[in-house]
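Observations on the three-dimensional arrangement
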Amino acid sequence: MGFLRGTTVLTLTLLLFIAFFFSNLFLVLNWSLNYNHVEPSLKNITVESAQTSGEMSLLIKSYQSKKNFCAVSNQVNFTFEKNEFMVPCSVISDGEKTTVDYLVNKTVPLIYYKNYTCAFLDCLKNENQRYFLLSKSSMDYWGKNFQTSILISLGIFLLLLLFAKGKHLPFIISGVALIVSVIPLTQINWLLSFLSGLFPFKVLPAFFTSSSQVFTLSLIIGIILIALGVGFNLFKWGEIIARKINFISRRSEQEKPKNKTEEKAVTKEEIKNIVKEEIEEEIKKEKKKPRKSRKTNK
């Protein structure tokens, strides 16, 4: 029985570590894909894409002719990344670079908040959806995976509480597993630095900009869990809580019959009063009847 219990606890510990690792990974991806974090990367990718496709050179060539329209209009239409933008002449007059920066700044929010209807894997395979990974849709996708992994982690923790002989052990195990599982994520940027020259690895660091924040959060929660486990073991917090729960339950059970007796006593008293009032009314009616009959005889 002891061997079976130990094997089960060991298996659950391994599963909890894996669940925590993916929970931390999904949270890092979710936080890192916030718009403020990915905006610089999206700007660089947009400029590189326009240069590679030749759209940037066409934009610069048409700049002078577009600028001439400012003589008769306050803003001029530009096409950039398959989007139409009306650029104010005050921006155009500041030069080509300012105009390009304006168009890039207008394009990036459209890319990030675009409604990608394809499934995650389908978007990855589709070349036309190349910006999907750095979009809000991707951030929401990782957020949903994080919620699922947290629920799985909670379920494994409850199973540990069920099978562990000492009820303090699940807290200590969970705290250690949570801290250890987040450590590899702090070394991701160091690993990717060796692959920075390869595509798409030069984009991947944008996905892990929040790894330090997640590490700090997991470290704090892990320390709290370990402290709770030590407290349950050394200070017998579990026994104290159990005694208080038993005391409250016994007290409530003792009060229930008293309350019922009081309710019955009140009910009987009310019945006596009602019966007494009815009897008095009947007596009054009986007294009145003879008086009426005497008057009629006279």
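Each value, and the rule that gives it
- All residue numbers refer to position in the chain's written sequence, counted from 1.
- The predicted nature of this model means local features are confined to residues of pLDDT at least 70 and side-chain atom pairs, given and counted, to a pLDDT of 80 or more, with totals for whole chains, interfaces and linings taken over all residues.
- With hydrogens and water set aside, each side-chain value is computed from the structure's full complement of heavy atoms.
- For helices the rule is a DSSP run of H or I covering at least 4 residues; for strands it is a run of E covering at least 2, with both sets numbered from the N terminus onward.
- Burial classes follow relative accessibility: with a 1.4 Å probe on protein chains only, a residue under 20% of its type's maximum area counts as buried, one over 50% as exposed, and anything between as partly exposed.
- Contacts: residue pairs with any heavy atoms within 4.5 Å of one another.
- Methods summary: accessible areas were calculated by the Shrake-Rupley approach with a probe of 1.4 Å, and residue burial reflects only the protein chains presented.
- In the cavity and pocket records, a cavity denotes points on a 1 Å grid over the protein atoms alone where a 1.4 Å probe fits but cannot get out, a pocket denotes an open set with protein on both sides within 12 Å along at least 5 of 7 lines, and lining residues are residues with an atom within 4 Å of a point.
- Grid points are joined across faces, edges and corners, and a volume is the space filled by probe spheres set on the points.
- Each residue receives one of three labels: charged for Asp, Glu, Lys and Arg, nonpolar for Ala, Val, Leu, Ile, Met, Phe, Trp, Tyr, Cys and Pro, and polar for the others, Gly being one of them.
- How far a helix is expected to stretch is found by multiplying one less than its residue total by 1.5 Å.
- A residue's pLDDT is the confidence the predictor assigns to it, expressed on a 0 to 100 scale.

Time to look at the overall build of the protein chain. Helices and strands together make up the secondary structure of the protein chain, namely 11 helices and two strands. From first element to last, N terminus to C terminus, the protein chain shows the α and β order α-α-α-β-β-α-α-α-α-α-α-α-α. When the 298 residues of the protein chain are sorted by exposure, 30% land in the buried category. The long-range share in the protein chain, meaning contacts at least 24 apart out of those at least 6 apart in sequence, stands at 66%. Split by element, the accessible area of the protein chain, about 20,000 Å² in all, is 63% carbon and sulfur.

Let's shift gears to the layout of surface pockets. Within this model, the second largest pocket holds a volume of roughly 410 Å³. Considering the residues around the second largest pocket, the lining is formed by 15 residues, among which Glu81, Lys82, Asn128, Arg130 and Tyr131 are closest to the centre. Counting only elements with at least two residues in the lining of the second largest pocket, the list comes to α2 (35-53) and α5 (96-112). Among the elements that line the lining of the second largest pocket, the one with the most residues is α5, at three residues. Across the lining of the second largest pocket, the residue classes break down as four nonpolar, six polar and five charged.

For α2, which comprises 19 residues, the first-to-last C-alpha distance of 25 Å matches the rise-based estimate of 27 Å (1.5 Å per residue) to within 8%. Three or more residues of α2 are buried, namely Tyr35, Val38, Leu42, Thr46, Ser49 and Ala50. On its buried face, α2 is in contact with α1 (2-32), α3 (55-68), β1 (75-80) and α5.

Let us look at the confidence of the model for the protein chain. Confidence along the protein chain averages 81 in pLDDT terms, with 73% of residues attaining 70 or more. Within the model, the stretch residues 292-298 combines pLDDT values under 50 with zero contacts to residues more than four positions away or in other chains.

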